[in-house]
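Residue-level structure breakdown
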Amino acid sequence: MTDATVRAKLLGLPGSLRSNSNSLAVLRGLQGALPADVGMDIRDLRLPLYDQDIDGPDAPAEVHAFRQAIAEADGVVIVTPEYNYGMPGVLKNALDWASRPYGKSALIGKPVLVVSNSPAFTGGVRAHQQVNDTLLAVSANLVGGPQVVIGTVGEKIKDGRLVDEAVLKFTLGMVDKLIAASGK
């Protein structure tokens, strides 16, 4: 696929570092179900702990690359698990890095879709709310409408990918809203 044939370029962020995480499986399932003219890169969130002392022009290279990936994306899809009733630290850390520099963050006005998941039937709703609160604080453009929460997620994954047709269909509908919010 060339840049000329891509209608929208999305960035997928799994809120877990585990190589076989449910969040990564959800992103892989979405990635495989997207229309041919929509691309999604999935990015690992292995970044140093946020430290304002090292934030600036000489910030670590992986931080600059992370911020650039957000800036170049038409929209961001965050898929988060719920850890101890909240957002994983690795995701909060990534959002802290992405929120800088103050007033000039690549997240300002960026369309973002949040998806939460959990082995529990609640689907990670508490983590979902925390991610939303953080994104609102940095002036991201949250996709409105029903929230995408995936309960009993383990039953909906096969071979490292989300395969549940109903969940995929619903989530792809929200991805369409994300793309529309980007103006694409």
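One structure accompanies this document, and this report is about it. Quick caveat, the model's predicted, so the values are computed rather than measured.

Here's the deal with the pairing of strand β1 (residues 8-14)
Burial runs high along β1: six of the seven residues are buried. Pairing geometry for β1 and strand β2 (residues 38-42), over five bridges, is parallel. The residue bridging Lys9 from the neighbouring strand is Gly39, located in β2. Viewed along the sheet, the connection from β1 through helix α1 (residues 22-33) into β2 turns out right-handed. When β1 meets strand β3 (residues 75-81), the two strands line up parallel, connected through five bridges.

Some thoughts on helix α4 (residues 125-137)
Here α4 contains 13 residues, and its C-alpha end-to-end distance of 18 Å stays within 8% of the 18 Å for a straight helix at 1.5 Å per residue. Buried within α4 are the following residues: Ala127, His128, Val131, Asn132, Thr134 and Leu135. Angularly, the buried residues of α4 cover 165° about the axis, an arc narrow enough to put them on a single face. Away from its buried face by more than 90 degrees, α4 exposes Leu136 and Ala137. Buried positions along α4 lie against β3, α3 (89-98), β4 (111-117), β5 (141-142) and β6 (148-150). Of the residues flanking the end of α4, it is Ser139, one or two places downstream, whose phi is positive at about 65°.

Points about the packing of helix α2 (residues 61-72) against α3
One way to put it is that α2 packs onto α3 with a least axis distance of 10 Å and a crossing angle of 80°. By the angle between their axes, α2 is roughly perpendicular relative to α3. For the pair α2 and α3, the contacting residues are Val63, Phe66, Arg67 and Ile70 in the first and Ala94, Trp97 and Ala98 in the second. The residue makeup of the contact of α2 with α3, split by class, is six nonpolar, no polar and one charged.

Structural notes on the environment of Lys92
Position of Lys92 among the secondary structure elements: in helix α3. Sequence-distant contacts of Lys92, defined by excluding residues within four places in its chain, comprise Met87 and Thr134.

Focus: the pattern of salt bridges
Applying the stated criterion to the full structure yields seven salt bridges. The partner of Arg7 in a salt bridge is Asp37, and the shortest N-O contact between them spans 2.9 Å. Highlighted residues: Arg7 in the segment before β1 and Asp37 in the loop between α1 and β2, separated in sequence by 30 residues. You can call Asp37 partly exposed: its relative accessible area is 26%. In this structure, Asp55 engages Arg67 in a salt bridge whose closest nitrogen and oxygen atoms are separated by 2.9 Å. Linking Asp55 in the loop between β2 and α2 with Arg67 in helix α2, this pair joins segments that are 12 residues apart in sequence.

Focus: the side chain of Ser118
Mapped onto the elements of the fold, Ser118 is located in the loop between β4 and α4. Using a relative accessible area of 8% as the deciding quantity, one classes Ser118 as buried. In terms of polar contacts, Ser118 uses its side chain to reach the backbone amide nitrogen of Ala120, at 3.0 Å. Other than its neighbours up to four places away in sequence, Ser118 contacts Gly123, Gly124, Ile150, Gly151, Thr152 and Val153.

Reading guide: rules and limits
- Residues numbered from 1 in each chain as written.
- Predicted model: local features only at pLDDT ≥ 70, side-chain atom pairs only at ≥ 80, totals over all residues.
- Heavy atoms only, no water.
- Buried < 20%, exposed > 50% of the residue type's maximum accessible area, 1.4 Å probe, protein only.
- Helix = DSSP H or I, 4+ residues; strand = E, 2+ residues; numbered from the N terminus.
- Pairing = 2+ DSSP bridges.
- Right-handed = clockwise from strand over helix to strand, strands pointing away.
- Expected span 1.5 Å × (residues − 1).
- Arc of directions from axis to C-beta.
- Contact = heavy atoms within 4.5 Å.
- Axes fitted to C-alpha atoms, helices over the stretch in contact; angles between N-to-C directions.
- Parallel < 35°, antiparallel > 145°, perpendicular 65-115°, else oblique.
- Nonpolar A, V, L, I, M, F, W, Y, C, P; charged D, E, K, R; others polar.
- Salt bridge = Lys/Arg side-chain N within 4 Å of Asp/Glu carboxyl O.
- Polar contact = N/O pair within 3.5 Å; in protein donor to acceptor, adjacent residues only side chain to side chain.

Spatial relationships are all this shows, so hold off on functional conclusions.
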